[in-house]
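# Survey of secondary and tertiary structure
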Amino acid sequence: KHLRFKQKNMDLHSLRCSAMLKLNQAKKFKDFEEVFFPYNVDFRGRAYPVPPHLSIVGSDLCRALLKFATPKPLGPNGLKWLKVHLANLAGADKMSFEGRAQFTEDSIDNVRAAVDDPFGENNWWMKLDDPFQGLATCHEIINAIDSGDPENYLCSLPVHMDGSCNGLQHYAALGRDRDGGKAVNLCIADKPQDVYIGVMHEVIRRVAEDANEMLDFDENKTDLTKKEKALLKKGKSARLVNGLIDRGVVKRTVMTSVYGVTYIGARNQIEEKIEEKLEDKGHDIDEIEQEINTACGYLASLTMEVMGQKFKGARDTMDWLTACARLIAAQGQPVAFISPIGVPVVQPYRQKRPFTVVTLLQNVVLTNDSDMLPLHRQRQVSAFPPNYVHSLDSSHMILTAIEMQKRGLYFSAVHDSYWTHPCDIEEMNAILRESFINLYNQPLLQDLKKMWELRYPSINFPDCPELGELDLNDVRSAPYFFQ
C-alpha cells in the first residue's frame, strides 16, 4: 500500500510538472498572431506535431488553450455545433445531435456560471469529461449569445468530429461487414450505436452465468482434476467481478483490440478499473491482489472472445493480414507495402542489441538500431494488422485535409478526430464521408496481395477474405459515422 501511494504521489508530481511546461509554452506564444506547428510523419504515414509539450495531440489543457488563428462567423448552424461539442465534452454523446444541443440548452445556467465565476460554488464544468475544453466552449457559447447576433459572432474555437471506434470502422469497410459496420455507425440510424455497450451487455451476461453456475463436484476435495480446478478458478473470478462491469471496464480493451492488444495488456487495462471499483466498495486490494489479477485475466479473455464473435468480419481480415505477415517474416524479410496515398511503409522491427559503454562516472547502455540486425519476426507479425489500419486511418485523414484545403477551409486533426470552425462542420462532414467512400471503393486487400506477389514471388499467399454485404454508399447518409 505504501508503494502504491508513493507511486500515486510521483504520478501527481509528474502531471504538475507537465502542466507547468504546457502553461509556460502557452505564455510565451500567447501574443503572437499566428503559431505554426511543424509536423512529423511516422513510418505508417500518421502525422504528429513535433513540439513535445503544447500541441493539439496533448492533454485536455493543451487543446483548450489552442484556437484557429482566423475567426469565422458562426453562421446559421454554428451555435448548434458549439452546443453539440459541449455535450460531447460532457460525455453526453450517446444521443442524437438535437438531443445533445438540447442537453447544453438545459444546462445553460451551469454554462453561464462557469463563465461568470469558474471557481464559485457551481463547479459543473470541473466534472466534465474534458473540463478545460468544456470551459473554453462555455465561453464561446455565452459570448455568442450575449453578442445579440450569434450568426455573425466571430468564433475561432475548433469543433471536433470523432470516429466511432475508428479501427473497427476501417475493418468493417475493408471486409464490407454489414453487422460490424452497423455497430460502429457506418449505416443509417436514428441514434448513435455504442459498440462498447453491446460488448458490455454480453460480457455481463456471461459473467453472471459463470458466477451462478453450480459445480457438480466437491470443491474442497484434495484430488481435483485439471478441468475441475479451471472451473473452480473461473467461478471464483466471475463472482469477484460480477456486478462491477460497466462500459468503462470494457471500453479500452474493445478500442485497442483492433490494434493488436495482447492478453496482458487487456488484463492490465481492466485491472485498473476493477481495482478502483473494489476500493470504492471497501475492499483492501493489497490483500486480494492475486485474486484480482486472476479475475481480470478471466475478464480480459472473455471480452476478447466476445469481440471476436461480434466482429467476425474484422477478425477474418485481421487473421488474413497476420497470416500473410507470418509468411513474409518467415522469409527473413520485413513486412512492407505502399499505403493508399503512396507512402512506402517498411516495418522497422529488428532484434535490437544493447551494449554498455563504461566511463569513469557511469555505465551508459546504448542500443544499435541498424537495419543489418536480424529481423524480430514475432513483432513483424503481431504489429502488422494494427500498423496497416493506422496507415488507412492516416490516408483517410490526409485525403480529407487535401480536400478541405482545396475548398479554403481550416482543418486540423488528431488521427480520427477531425477539427474545423463551427460554421464549416456540415461541409467537413460531407468531405470526410466522400473521402472514406473513395478510399474503400478501391480493392485495397486485393491490391495489397498483388503488390506482395510481385515483391515476394516465392510465397503462396492465401486468398483475400470474402466481402460481406455492407453498402459503402450508406456512409454518405450515416449521421453518426463521425460525431
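Throughout what follows, the structure given in this document is the object of discussion.

Let's shift gears to the pattern of salt bridges. One pass over the structure, following the stated rule, counts 24 salt bridges. One salt bridge in this structure joins E140 and K67, with 2.9 Å as the shortest N-O distance. Note that E140 is positioned in helix 6 (residues 131-146) and K67 in the loop between helix 2 (60-65) and strand 3 (72-73), a separation of 73 residues in sequence. Assessed through its relative accessible area of 45%, K67 is described here as partly exposed. As a salt-bridge pair, K83 and E105 come within 3.1 Å of each other at their nearest N and O atoms. Here E105 lies in helix 4 (residues 97-106) and K83 lies in helix 3 (residues 78-89), a separation of 22 residues in the sequence. Given the relative accessible area of 37%, E105 is considered partly exposed.

There is about 1100 Å³ of room inside the largest pocket. Every residue lining the largest pocket is counted, 39 residues in all, and those nearest its centre are D93, D162, G163, K251 and M255. The biggest single contributor to the lining of the largest pocket is helix 11 (residues 247-257), with 4 residues. Its residues assigned to classes, the lining of the largest pocket comprises 10 nonpolar, 15 polar and 14 charged. Forming the walls of the second largest pocket are 29 residues, and the residues nearest its centre are V35, F36, F37, K67 and F68. Counting residues per element, the ones that place at least two in the lining of the second largest pocket are helix 1 (2-29), strand 1 (39-41), helix 16 (384-406) and strand 10 (412-414). Counting residues per element, the lining of the second largest pocket draws most heavily on helix 16, which supplies 3 residues. Looking at the lining of the second largest pocket residue by residue, the class counts come to 23 nonpolar, 2 polar and 4 charged.

Time to look at the side chain of D194. Among the secondary structure elements, D194 is positioned in the loop between helix 8 (178-183) and helix 9 (195-212). Looking at D194, the relative accessible area reads 18%, which means it is buried. Among the polar contacts listed, one links the side chain of D194 to the side chain of R247, at a separation of 2.7 Å. Among residues more than four places away in sequence, those in contact with D194 are K94 and R247.

Calculation notes
Residues numbered from 1 in each chain as written. Predicted model: local features only at pLDDT ≥ 70, side-chain atom pairs only at ≥ 80, totals over all residues. Heavy atoms only, no water. Salt bridge = Lys/Arg side-chain N within 4 Å of Asp/Glu carboxyl O. Helix = DSSP H or I, 4+ residues; strand = E, 2+ residues; numbered from the N terminus. Buried < 20%, exposed > 50% of the residue type's maximum accessible area, 1.4 Å probe, protein only. 1 Å grid on protein atoms, 1.4 Å probe; cavity = no way out; pocket = protein on both sides within 12 Å on 5 of 7 lines; lining within 4 Å. Points joined across faces, edges and corners; volume = space filled by probe spheres on them. Nonpolar A, V, L, I, M, F, W, Y, C, P; charged D, E, K, R; others polar. Polar contact = N/O pair within 3.5 Å; in protein donor to acceptor, adjacent residues only side chain to side chain. Contact = heavy atoms within 4.5 Å.

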